[in-house]
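# Fold and contact review
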Amino acid sequence: MGSVLASDGVYLPDTVQTAVKLLVVGHFAVGKTTFVGTLSEIRPLRTEETMTQAGALTDDLAGVPDKTTTTVAMDFGRLTLNDHLVLYLFGAPGQRRFTQLWRDMTYGALGALVLADTRRLEHSFDVMGLLEEHGLPYAVAVNHFDGAPVFAEEELREALDLLPETPLVTCDARDRRSSTQALISLVQYLYSRNRQERA
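A brief report on the enclosed structure follows. Not measured: the values here are computed from a predicted model. Counting from 1, residues in each chain are numbered in the order their sequence is written. In view of the model being predicted, local features appear only for residues whose pLDDT reaches at least 70, and side-chain atom pairs are presented and counted only at 80 or more, with totals across whole chains, interfaces and linings using the full set of residues. Think of the side-chain values as coming from all heavy atoms in the structure, minus any hydrogens and water.

## Regarding the overall build of the protein chain
Secondary structure elements are defined from DSSP: runs of H or I of at least 4 residues count as helices, runs of E of at least 2 residues count as strands, and each element is numbered from the N terminus. A tally of helices and strands in the protein chain yields five helices and seven strands. Starting at the N terminus, the α and β elements of the protein chain follow one another as β-α-β-β-β-α-β-α-β-α-β-α. Counting the 199 residues in the protein chain, one finds 45% classified as buried. Two residues form a contact once any of their heavy atoms are found within 4.5 Å. Contacts in the protein chain between residues far apart in sequence, at least 24 positions, make up 73% of those at least 6 positions apart. Here the protein chain has roughly 11,000 Å² of accessible surface; of this, 53% comes from carbon and sulfur atoms. The cut-offs for exposure are 20% and 50% of the maximum accessible area for each residue type, with area from a 1.4 Å probe on protein chains only; residues under the lower value are buried, those over the upper are exposed, and the others partly exposed. Only the protein chains shown count as covering a residue, and every accessible area follows the Shrake-Rupley method with a 1.4 Å probe.

## Description of the nonpolar core
One broad trend across soluble globular proteins is that nonpolar side chains are buried collectively. Counting residues in hydrophobic clusters, the biggest one holds 25 residues, and the most contacted among them are Leu23, Val25, Val114, Tyr138 and Val140. Residue assignment for this core shows that the elements contributing at least two residues are strand 1 (18-26), helix 2 (99-106), strand 5 (109-116), helix 3 (124-133), strand 6 (138-143) and helix 4 (153-160). In this structure, leucine 23 is in contact with Phe90, Met105, Thr106, Ala109, Gly111, Ala112, Leu113 and Leu136, ignoring residues within four places of it in sequence. Here, nonpolar core means buried Ala, Val, Leu, Ile, Met, Phe, Trp, Tyr and Cys residues that are tied together by side-chain atoms lying within 4.5 Å of each other. Counting residues in each nonpolar core, the second largest holds 20 residues, with Leu39, Leu113, Ala139 and Leu183 among its members.

## Overview of the side chain of threonine 38
The topology assignment puts threonine 38 in helix 1 (residues 32-39). Here alanine 173 takes part through its backbone oxygen, which lies 2.6 Å from a polar atom of the side chain of threonine 38. What threonine 38 contacts, discounting residues up to four positions off in sequence, is Ala173, Arg174, Asp175, Arg176 and Ser179. For the purposes of these results, a polar contact is taken to be a pair of N or O atoms within 3.5 Å, where, inside protein, one atom must be able to donate a hydrogen and its partner to accept one; residues adjacent in sequence count only when each atom of the pair is a side-chain atom.

## A short note on the packing of aromatic side chains
Between 30 and 60 degrees the pair is tilted, below 30 it is stacked and above 60 it is edge-to-face, where a pair is any two Phe, Tyr or Trp rings, Trp via its six-membered ring, whose centres lie within 6.5 Å. Going through the model one piece at a time under the given rule, you end up with two aromatic pairs. Ring geometry for phenylalanine 76 against phenylalanine 90: centres 5.1 Å apart, planes inclined by 65°, an arrangement best described as edge-to-face. Pair noted here: phenylalanine 76 is in strand 3 (residues 69-80) and phenylalanine 90 is in strand 4 (residues 85-91), with a separation of 14 residues, a long-range link. A relative accessible area of 17% places phenylalanine 90 in the buried class.

## Topic: unusual backbone geometry
Note on backbone geometry: most residues besides glycine have negative phi, and most peptide bonds are trans. For alanine 29, which is not glycine, the phi torsion reads 65° and is therefore positive. The topology assignment puts alanine 29 in the loop between strand 1 and helix 1. Positive phi, close to 55°, is recorded for aspartate 161, a residue that is not glycine. Tracing the chain through its elements places aspartate 161 in the loop between helix 4 and strand 7 (168-171). For aspartate 161, a relative accessible area of 64% translates into the label exposed.

Okay, structure coming up:
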């Protein structure tokens, strides 16, 4: 028997048999909260707090001077793909002081989507390094920011030192279709890796 409230999108129907955990990661102020909120079918759980003077020494606002809040634990969203499969999206905070939380969030995750910003590509290395340290496969989505420089895919791959098989796409975290395509690139990559491992 299905949940009485399943039709309103809050509760999952009893037919759901598989839940997949995916991480949405990236450096500080790259659009993770926006991305999870854009795709989530439920009101996303957000742990946003107002930025204070205490964080001014560690939170680099270069390129995002209007940012006034930051994630202090995680973002959480849900996307039901069909009657049997649901994706749980966990957005991780981008500051180094949350590294232990990141490590904990990797448990049970199948993969991660790394959001990157062409104005601060070098900030992506710590994020990708943590994922590689935990053996978590990932795809990279370069998030669109107004006024940010645009580079050819080959230049981005070289700058980020990506393996040839690592998916690299562009997206706009504010746009549902664009964000969906970025997530699809990750899911297809994970599916392909899984098939290769089974063969």
